[in-house]
Amino acid sequence: MTISKAYADLERRGRIVRRQGLGCFVAPLKDGKQEAGDYRAGNAGRAGEWGYGDGNKSENHWEEKGGGSRSSGRNAIQKESGARRKFAWQEDYGDYLPRAQLWRNFDYSEAEYSFHLAAIHSGMLPLKEIGEAMTMLVAKRPELMSVYGNFQGDLGLREVMTTHLRARGIPLSAANLMITSGAQQGIDLVARTFVGPGDAVYLEAPSYTGAIDVFAGRGAEMISVPMDQDGMRIDLLTKLCDRRPPKLIYTVPTFQNPSGVTMSMERRQRLLELARSYRCLIVEDDPFSDLYFYSPPPSSIKSMDKEGHVIYMKSFSKVLAPGCRIACVAAEGDILERLIAAKAASDLGSPLLNQLAVLPFIAGKYDAYTKELRAALRSRMEKAARLLKRHAPQGVEWRLPGGGLNLWLELPNSVNIGELYRRASRQGISFLAGHVCHAGEPSSSHIRLCYAQMEEEQMERGLLLLMPLLKEAMNDRMM
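Residues numbered from 1 in each chain as written. Predicted model: local features only at pLDDT ≥ 70, side-chain atom pairs only at ≥ 80, totals over all residues. Heavy atoms only, no water.

In the annotation of an unreviewed UniProt entry, the protein is listed under the name Aminotransferase class I/II-fold pyridoxal phosphate-dependent enzyme and assigned to Paenibacillus sophorae. The heading Cofactor (unreviewed entry) in the UniProt record of the protein holds the text "pyridoxal 5'-phosphate". (UniProt positions renumbered as here; feature names shortened; annotations may be inferred.)

Draft legend 1. Just the sheet that holds strand S10 (residues 248–251), in detail. Taken together, the 8 strands give an open sheet; going across it, the order is S6-S13-S12-S11-S10-S7-S8-S9, and neighbouring strands pair in mixed fashion. Both edges of this open sheet fall to strand S6 (177–180) and strand S9 (231–232), since each of them pairs with a single strand only. In terms of strand pairing, strand S11 (residues 281–286) meets strand S12 (residues 310–315) through 5 bridges, oriented parallel. Paired with Asp-285 across the bridge in S12 is Met-313. (Pairing = 2+ DSSP bridges. Helix = DSSP H or I, 4+ residues; strand = E, 2+ residues; numbered from the N terminus.)

Draft legend 2. Highlighting the sheet that holds strand S17 (residues 446–450). As summarised here, the arrangement of the 3 strands in space is S14-S17-S16, forming an open sheet in which the pairing is antiparallel. Every other strand in the sheet has two partners, leaving strand S14 (406–410) and strand S16 (432–433) as the edge strands with one partner each.

Draft legend 3. Main features of a nonpolar patch on the surface. A cluster of nonpolar side chains, Phe-87, Trp-89 and Tyr-93, forms an exposed patch at the surface whose accessible area comes to about 390 Å². Within the element layout of this structure, Tyr-93 appears in the loop between helix H2 (61–64) and helix H3 (102–106). (Patch = residues over 30% accessible without salt bridge, like charges linked within 9 Å, V, L, I, M, F, W, Y side chains within 5 Å. Areas by Shrake-Rupley, 256 points an atom, 1.4 Å probe, with all protein chains shown as cover. Salt bridge = Lys/Arg side-chain N within 4 Å of Asp/Glu carboxyl O.)

Draft legend 4. Broad picture of the side chain of His-309. Turning to its location among the elements, His-309 is positioned in the loop between S11 and S12. Looking at His-309, its side chain comes within polar contact range of the side chain of Glu-307, at 3.4 Å. Contacts of His-309, omitting those with residues within four sequence positions, involve Leu-272, Ala-275, Arg-276, Arg-279, Cys-280, Leu-281 and Ile-282. (Polar contact = N/O pair within 3.5 Å; in protein donor to acceptor, adjacent residues only side chain to side chain. Contact = heavy atoms within 4.5 Å.)

Given below as structure tokens:
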């Protein structure tokens, strides 16, 4: 039975309720009967406060419901006391969202100390230069706003990105690249083109929440592969593939999101060999390889690919201007042609103005800029690590990443992360709970903290506020 059919069967039996844009939830019990209609989003949708009709919450309710950040502007299902709700009919309107964690956990919240979002503070980004380029384009070439861009992406930008990739060992031509609106669109295009209900998709445990959501939406059977300090366990992956051949393998091998782990060169080679033997695709998601702190990471899997098994995604959004949503997808042959066809049907091509605005910066200033950015991010990371070493309670563990934007903290299993989130939220602090980074797994003892999204002093204040709350949460279970 596929995941989609399983959800439909559970809904028919009254075991779960579906809500458009929210996902699926265990149906509550009331007086021994199913009362699916009593479900609501509690307290204006604040993180950790998903509730039922009476507003009561059990201690582990947040974890059970997959709670996370949800802004009040998205709360379209509100109870109107004593009157029929205007949009009540929508609650029973079927959808195909078995999971919807991405917007709920990555949306900008009202938290003063936003550790939950893997992003770079605006003061560290080249927004002024890119903004000036866009202003000049609008002033001198206003006709750009009246035309559709090439479905594959602007040729000039693809040529610049080809030079960028060749310098990193990926010998492709502009004809092998497609511009997308961020790597997230690239993942979605791959999924809608090549993944269907019941297909086996292998991915790291933990993995990027946005990718999990996409594959879940396609009804894929997601199979998680544990990691160690060298990345995905290829020995375990091989055994799993022997029992269930893969349709696709998704990996973030460099400064992995959320763990920060980098896959060794030996495992990259073995992963490619496995893809060859099973004649399957690897999706190599690479948002962070230019953000190394000490030495460059191993060569990409794509750099070793001679037969077109790897779809490589390079995002420039996080590093340059997230609002411009620029990334490239590298692939060859019929695989790329089908992806271009999917993109044409999806959006008729990425905005041309955005592409041309970032082009001169990537062509002439990117390498010097990322060198300075690496130094600034390394300083941030090391400061955050010093604060954790000095103030984190005993029993909290982490490994210093070699690059990227996040620290991945492992807490004692006894800590109720949902309760910790609620207490942190009251202090204006947000973080990403580890359970949303797992496909179908019920819980996690990890949290992810981004050290790059705030001013350095603000980050320090936030960590100093969070550590006593963490100690308090650990003491709760010891009493």
